[in-house]
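# Breakdown of the fold
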Amino acid sequence: MCTTSTLTICFTGQGISPTVNVSLKEPILDMGYTIVDEETVETFKIENASSLAVDYRILLDSQSFHKHASQQELPAFLKRENPLTQTSVGTANVLGTTVFDCVPAEGRLEPGGKQEMTVTFQPDHPSDYYADVARIELYGKHEAHSIVLKGVCKSKIMYILGGDDIKPMVESLAVVPEPDEPTEADSKAPPVPIPMLLTFRAMSTEEETTPAVREIKVGCIRTMSVSQKKNGEFFFDNLTMVTPKGFQIEPQKGMVEAGAHKTVKITWSPPKGHDPNMPIESTAILNLKGEVLERYNILLRAQVVTEEQQPL
């Protein structure tokens, strides 16, 4: 006689989510400023905080197969809702080489293991808008972290940081013809000033008018070239035209060490007898002297506003 019996087996288990930590305090890695044809290197660490081994790889948005599809939309400066929004992928190299590189691009982290990641910034032409996004992907499908990479490239060691946006954040890679070589007479003439805008809004109440303050930073890039001047200097011209209109600039000149920057504070107080319903304008010339002389034509535009007139 055959009997039938049922055996019940209970399977139990515990699901573990892989956890990878990044040593950066913020999900942004600013590569700073560099000179054309030079490079900047920064590092950060990733750590496996889980109890199982993790396979990872670093993916850059600039090398994604979906890059072309994601850029089939209006440029950021034409959008009505937020014209200053910057896309994740910024300016590309003219020669087609990779702007940012992250190594090792893939690997395996044992439980508690750490890996130092090296990021290299290698631009081939001047631009303020180099950017990319590095995505840390686990097991080929799970995105653990995304890190914004950004950097600035200049053709000269001196630079200015600050001012109002007067040009779009999207640049063309079209090759601009080089200007003709200057003659001996032209070489002695001062360089053509670069336009710059600073707007001021002094808050007016029934009791007083609070001065408007803006700051710009004058910096000097540390270069690997031994033939270039290591430090830079700056000084303002045309201040006799701006002072009577209520503008005060401090400091008016100074030295900047390589790899550092200095803050210039510009304050506007409405001069005596000024009509608060009318804006006021003046122009100051800022000279940057590194390996060559550069001149910035700074338009100072100021007005008195009330609390209701403050921009959102």
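Now for a description of the structure that goes with this document.

Our next topic: the overall build of the chain. When helices and strands are counted, the chain shows three helices and 19 strands. Buried positions account for 31% of the 312 residues belonging to the chain. Looking at the chain alone, contacts between residues at least 24 apart form 74% of all its contacts between residues at least 6 apart. Total accessible area computed for the chain in this model is approximately 19900 Å², and 52% of it derives from carbon and sulfur atoms.

Okay, the packing of aromatic side chains next. With the rule as written, the count across this model stands at five aromatic pairs. Taking 3.8 Å as the distance between ring centres and 15° as the angle between the ring planes, the aromatic pair formed by Y33 and Y159 counts as stacked. Of this pair, Y33 sits in strand β2 (residues 28-35) while Y159 sits in strand β10 (residues 158-161); the two residues are 126 residues apart in sequence, bridging distant segments of the chain. Between F121 and Y130 the ring centres are 5.6 Å apart and the planes differ by 70°, which places this aromatic pair in the edge-to-face class. Both residues of the pair, F121 and Y130, belong to the buried class. Within the aromatic cluster, the residues linked to one another by ring pairs are F100, F121 and Y130.

Looking now at the sheet that holds strand β13 (residues 212-220). The strands making up a sheet are joined through hydrogen bonds of the backbone, oriented either antiparallel or parallel. Read from one edge to the other, the open sheet built from four strands follows the order β10-β13-β17-β15, with strand pairing classed as antiparallel. Lying at the two open borders of the sheet, with one neighbouring strand each, are β10 and β15 (247-250). Put simply, the sheet's adjacent strands are angled 20° from each other on average, direction ignored.

With that out of the way, let us pick up the pairing of strand β3 (residues 40-48). Where strand β1 (residues 20-22) meets β3, three bridges bridge the pair, whose relative direction is antiparallel. By the bridge assignment, V20 is partnered in β3 with N48. Across eight bridges, the pairing between β3 and strand β7 (residues 114-121) is antiparallel. Along β7, the bridge assignment pairs E42 with V119.

Next up on the list: the environment of P104. Residue placement: P104 occurs in the loop between β5 (100-103) and β6 (106-109). Overall, P104 belongs to the partly exposed group, its relative accessible area being 28%. Placed 48 residues apart in sequence, P104 and Y56 show a C-alpha to C-alpha distance of 10.0 Å. For P104, the residues in contact, after removing those within four places along its chain, are Y56, I58, Q115, E116 and M117.

This part takes up the environment of S62. Mapped onto the secondary structure, S62 falls in the loop between β4 (54-60) and α1 (67-70). Of the polar contacts made by the side chain of S62, one reaches the side chain of D132; its length is 2.4 Å.

Attention shifts here to the nonpolar core. Counting residues in each nonpolar core, the largest one holds 34 residues, and the members touching the most others are F200, F236, L286 and I298. If you tally residues by element for this core, the top one is strand β19 (residues 293-305), at five residues. Listed in part, the 24 residues of the second largest apolar core include I46, I58, F100 and F121.

Basis of the calculations
Residues numbered from 1 in each chain as written. Predicted model: local features only at pLDDT ≥ 70, side-chain atom pairs only at ≥ 80, totals over all residues. Heavy atoms only, no water. Helix = DSSP H or I, 4+ residues; strand = E, 2+ residues; numbered from the N terminus. Buried < 20%, exposed > 50% of the residue type's maximum accessible area, 1.4 Å probe, protein only. Contact = heavy atoms within 4.5 Å. Areas by Shrake-Rupley, 256 points an atom, 1.4 Å probe, with all protein chains shown as cover. Phe/Tyr/Trp six-rings, centres within 6.5 Å; stacked < 30°, edge-to-face > 60°. Pairing = 2+ DSSP bridges. Axes fitted to C-alpha atoms, helices over the stretch in contact; angles between N-to-C directions. Polar contact = N/O pair within 3.5 Å; in protein donor to acceptor, adjacent residues only side chain to side chain. Core = buried A, V, L, I, M, F, W, Y, C linked by side-chain atoms within 4.5 Å.

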